[in-house]
Amino acid sequence: MQVQCAVPGCPGGQSDPQPLFRFPCDPERSKKWVEKCQRQDLSDKSAEQLFECYRLCGKHFEASLVESDAQGTVLKDGAIPTIFEGQSKPQNGQGKRSNAMTKDDETDSKGRKKLKKSQAETAKKDVQTPPEEEEHKEYLKSLFKVLVLLGEQSIPPTGPGDNKQDGLGSSNFQALLEYSMNCGDEVLKKRYDANTESCSSAQLSPLIEVCEKYIRSKLVEEVQQNGFFSLLTDDLVKISGEWFLPVFLRFVDQSNCQQERFVGFLSFEGHREALAEKLLSEMTDNWGLDMEQCRGQAHSCSGTHLGKLKAFSAKLLERYPMAMLTPRSTRTLNLVLANGMALSGVQLVLSTLKKIESFFSESTLLQLELEHAISIFYPDKEERAKELKEICGTSWTRRHDAFEVALEILEALLLCVDSVHDNEDMRWNDQVTHNALEISKALADFEFVMALVVMKNTLTLTQAFGRNLQGKASDVHFAAASLKAVLHSLKEVSDNIDVYHEFWNDEAANLATAMEIPIKVPRSYLRKHQSESGAVRPESYYKEHLSVPIVEHVIREIDTLFCEDHLKAMRCLSLVPAVIEQHKSTEPEEESLQVFKNSIPNAGTLSAEMHCWWVKWSKRGKGETFPTNLQETLQLPDVKFFPNMLAVLKLIAIIPTLTLEDSCDVAYKRFQMYMENTPDQFKSKSVALLNINCDVAYDLDSMVEVYMKTYPDREDVSL
C-alpha cells in the first residue's frame, strides 16, 4: 500500500507534502496513468489493485485539473498526469521509447539500443504461474493489506478479546477481514470458511513477522544507500513481559535532509557480555546493517540495566572505533549525567521525579493543589511564585534546571502530597492517596534531600554547557570552546571537596530541619554494617557515598562523552554560514576538519576548498541572510560545488548530540506516542514498527514474495 507518489524518485507524500490521488478505477484511464509515470512494473496490475494500493501526487497534474471542495483537494473528471520533471517530451512518436531507455539497455548487432523488458514481464514470460498459486498470492495480499492498515492506525490486530459476537471473532484483524468481504473482496470470500474459529495470535504471527522483516529491510536499504549513519537507543521498554531496546538510525538522505528512522526493538534479556555480542550479531547478521559505516552512538538508560547497556556501548566502540559515544539530543545533558550514576541516592531522586511527573499529570486538580502549596511558601514573592507555577505546569522534571526547581519547591511538594494523602475532604480515590504516600515517603528521606542538594550544586556547573548543546549551530560551536572551562570548574570542586561538601551538608541539614526530616544515615546501609552503626556520622557517610562519587562521575562522564574527535566535529559547525558571519575575522580550523579526512572525497584539496568556502560567506554584505543551521546549509544549491564541505556537513549532521529540526524528528515523536497511548497488553514490537514507519512505501507483492520465501511449506494461513 503506497503512501507516497508512485513516480520513481518523486518525494511527494514523504518529504514533499503534496496531495496524493488514487489511480482511477476506469481501466483505460488507469492504463494511461501507468504509461505516463513510466512504471512498467505496474502494467500487469488491474485497475482495482492500482486504485487500492498506488497514488500520484498533485505536482504531476496541471493546476487547472486540481480543485478544492468541501471534501478536500480533488481532481477533475478525466484528469491525466502530464508533468514529469527530468523526462524528455515525446518527439516524432518516439517519446515512450526514448524515455524507457537507460544506460543498462541492451544493444543489438548494429549497435542500436533494445528496450529491456521489465522484471515483471520477463518473469511472466519465463514462468507461467499456476492459477492456484496466483490465487493464493492474491489471498495473502488481502491479508497483508488488512494488517498494514491496522498497523498504520496503531490498532492491535489481536485485540480486544477472544469471544465471538454476532458470528465474528472479536479480534480487530478478524473484524476488518469480515468488513473487506462485505465490501466485495471476492478472493477472501472464496477462501474464507464461515465455520472456522477466529484468527489466533499463533496464526497471525507469521504475517506480522514478515511485515516487520519487510519494513526493516526497506529502512536498512535506505540507510545503506546514503552511507554513514549513527546508532541511537532509547529507554528500555517492556513488551509482553520481556525487556526490549528501541533502536533508531540517524543519517542524511539523498536530498541532503537529516533523517532519523526507527528500525525496531532488540531483545535485552541475557548476561552482560553475552548480551552485547547478541545485540551486535542481531544488527549485523539479521538486520543487515553495515556497522563499519557507523560514525556515532548515543544511549538512554538508567537503573538496573545501566551496566548491560554500558557493556554493549563499550563492545560496539571496541569493534567499530569510528562509532564515537555521544549524548543524545532528546535528553538534557544533566539528566544524561545523572542517569549514568548507579548511586542509591541519585536513583532515589530520579525515580521520585518520574513519580512526581506521572502523579501531577493525572489531574488538573492535583496541579492546582500544588500551585496552592507554592503560594503558601512564597507569600511575599508573588512574581517568583507565578514563575514556579508556570514551570510546574510543564514537563519540568526534564528541564536543564530540574534539580534546582525540585529543591526550590521541595517544601511545597511535601505539603501538597501530604494533604492529598490525608484526604480530609474525601476528594481523592485510594490509588491517588497511595501514590501520594509513596512520594511523601521519598521526599521525607534525608538521603533524598542530601542527594538532591549535591546534584543541584554539581550539575549547575554543566547547565549552561548542556543548554548550548541543544541550541543553534552557533551555540553548539560556542559549547565546544567552553568545555575546557567547565571541566576546570568541576576539577576545582573535586580538589576542594571537603570545603564544598561542608557547604552542601549545611544546606541539606537546614532544609531537612525546616521540613522536620530526621538527619540520619540510610537504613539500608546500617543493616549491612551493624557493627559500625554507632560510629558512622551522616556528614562523613554522605561525603563518601554522594559528594565525592557524584563529582568524580560527572568529570569522568564528560571526558567520555566529549572525546577530542567529538569536540573537533562540533567545532566544524564553524562551516555554517551564520557562524562564519559571526566570526568572519577567523577562518575555520583545518585541524578540526581533519577528523573526517578518511571519509571525504578528496583530502588533498580540503584546505583550499575550505578557504574558498570561508571567503564565499565571509565577504557577504550587510543585510544578506545566512543559513543558520545545518539543515539550511545542506540545502544550499551551490553546496554541491564544494564536495569536501558537503561531505563534512553530512558527517556533522548525523552526530546524535545535535538537535534535529521538527520535520526530521518525526520517528521519535511517533515512537513516544505509540508507547504512551497503547495499553500494555496490546503493545507489539512488530505493530510498533509498522505504525511508526507508516510513511514507508509498502509493496504488497514484495511482502507476499518475502512470505513465500520465509514459509515455503506453508500453503495457507488458517483463519
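Structure: see above.
Residues numbered from 1 in each chain as written. Predicted model: local features only at pLDDT ≥ 70, side-chain atom pairs only at ≥ 80, totals over all residues. Heavy atoms only, no water.

### Brief notes about the overall build of the chain
A tally of helices and strands in the chain yields 31 helices and 14 strands. The long-range share in the chain, meaning contacts at least 24 apart out of those at least 6 apart in sequence, stands at 70%. In the form shown here, the chain has an accessible surface area of approximately 35,700 Å², with 49% of it arising from carbon and sulfur atoms. (Helix = DSSP H or I, 4+ residues; strand = E, 2+ residues; numbered from the N terminus. Contact = heavy atoms within 4.5 Å. Areas by Shrake-Rupley, 256 points an atom, 1.4 Å probe, with all protein chains shown as cover.)

### A look at the packing of aromatic side chains
Under the counting rule described, the total for this entry stands at 22 aromatic pairs. Considering the side-chain rings of Phe248 and Tyr668, the 5.8 Å spacing of their centres and the 65° angle between planes classify their relative orientation as edge-to-face. Of this pair, Phe248 sits in strand E11 (residues 242–252) while Tyr668 sits in helix H29 (residues 666–677), placing them 420 residues apart in sequence. The class of Phe248 is buried, set by a relative accessible area of 0%. These aromatic residues form a ring-pair network of at least three members: Phe244, Phe248, Phe262, Phe265, Tyr668 and Phe671. One Lys or Arg, Arg328, reaches over the ring of Phe248 and ends 4.8 Å from the middle of that ring. Across from the ring centre of Trp617, 5.2 Å away, lies the NZ or CZ of Lys616, which sits over that ring. (Phe/Tyr/Trp six-rings, centres within 6.5 Å; stacked < 30°, edge-to-face > 60°. Buried < 20%, exposed > 50% of the residue type's maximum accessible area, 1.4 Å probe, protein only. Lys NZ or Arg CZ within 6 Å of the ring centre and 35° of its normal.)

### Structural notes on a positive patch on the surface
Judged by side-chain charge, Lys520, Arg523, Arg527 and Lys528 come together as a positively charged surface patch. Looking at the element boundaries, Arg527 is found in helix H21 (residues 523–528). (Patch = residues over 30% accessible without salt bridge, like charges linked within 9 Å, V, L, I, M, F, W, Y side chains within 5 Å. Salt bridge = Lys/Arg side-chain N within 4 Å of Asp/Glu carboxyl O. Lys, Arg positive; Asp, Glu negative; His and termini not counted. Charge placed at Lys NZ, Arg CZ, Asp CG, Glu CD.)

### Some points on the pattern of salt bridges
The final tally for this structure, using the stated rule, is 31 salt bridges. In this structure, Lys137 engages Glu705 in a salt bridge whose closest nitrogen and oxygen atoms are separated by 3.2 Å. Residue Lys137 is found in helix H5 (residues 131–152), and its partner Glu705 is found in helix H31 (residues 700–710); the two are separated by 568 residues along the sequence. Given the relative accessible area of 16%, Lys137 is considered buried. A residue is classified by how much of its surface remains accessible, and Glu705, at 36% relative accessible area, is partly exposed. Among the charged side chains, a salt-bridge network with shared partners connects Asp234, Asp235, Arg250, Glu260, Arg328 and Arg331.

### What about the packing of helix H19 (residues 473–495) against helix H23 (residues 564–571)?
Angle between the axes and distance between the axes are the two parameters that describe a pair of packed helices. The geometry of H19 relative to H23 is characterised by a closest axis approach of 8 Å and an angle of 140° between their N-to-C directions. Like other packed secondary-structure pairs, H19 and H23 cross with a definite hand, here left-handed. Taken together, the residues of H23 that come into contact with H19 (itself represented by Val476, His477, Ala479, Ala480 and Leu483) are Leu567, Met570 and Arg571. A class-by-class count of the residues in the contact of H19 with H23 yields six nonpolar, one polar and one charged. (Axes fitted to C-alpha atoms, helices over the stretch in contact; angles between N-to-C directions. Left-handed = near helix turned anticlockwise from the far one by under 90°. Nonpolar A, V, L, I, M, F, W, Y, C, P; charged D, E, K, R; others polar.)

### Considering the nonpolar core
Ranked by size, the top nonpolar core spans 119 residues in total, and within it Trp396, Phe403, Phe562 and Trp613 carry the most contacts. Per-element tally for this core: the top contributor is helix H18 (residues 446–469), with twelve residues. Discounting residues that sit within four places of it in the chain, Trp613 has contacts with Leu575, Pro577, Ile580, Thr633, Leu636, Val639, Phe642, Met645 and Leu649. Core analysis: the next-biggest nonpolar cluster, separate from the first, contains 92 residues, Cys53, Phe229, Leu316 and Met703 among them. (Core = buried A, V, L, I, M, F, W, Y, C linked by side-chain atoms within 4.5 Å.)

### Things to note about the pairing of strand E9 (residues 229–233)
Buried residues dominate E9, accounting for five of its five residues. On E9, burial covers both faces: Phe229, Leu231 and Thr233 on one face and Ser230 and Leu232 on the other are all buried. Pairing of E9 with E11, which is carried by five bridges, proceeds in the antiparallel orientation. By the bridge assignment for E11, Thr233 is matched with Val247. Relative to strand E13 (residues 294–298), E9 runs parallel, the two sharing four bridges. Along E13, the bridge assignment pairs Leu232 with Ala298. (Pairing = 2+ DSSP bridges.)

### Quick notes on the pairing of strand E12 (residues 258–267)
For E12, the tally of buried residues reaches nine of ten residues, placing the bulk of the element in the interior. Bridge count for E11 against E12 is nine bridges, and the pairing is antiparallel. Among the inter-strand pairings, Leu249 is bridged to a residue of E12, identified as Arg261. Here E11 hands over to E12 after five residues, with Asn256 in that stretch at a positive phi of 65°.

### A word on H19
An ideal rise of 1.5 Å per residue puts 33 Å on 23 residues; H19 measures up with 34 Å between its terminal C-alpha atoms. The sharpest bend along H19 measures roughly 45° and falls at Ser482. In this fold, the buried residues of H19 make contact with H18, helix H20 (497–514), helix H22 (538–561), H23 and helix H24 (577–582). (Expected span 1.5 Å × (residues − 1). Bend = angle between axes of the 7 residues up to and from the residue.)

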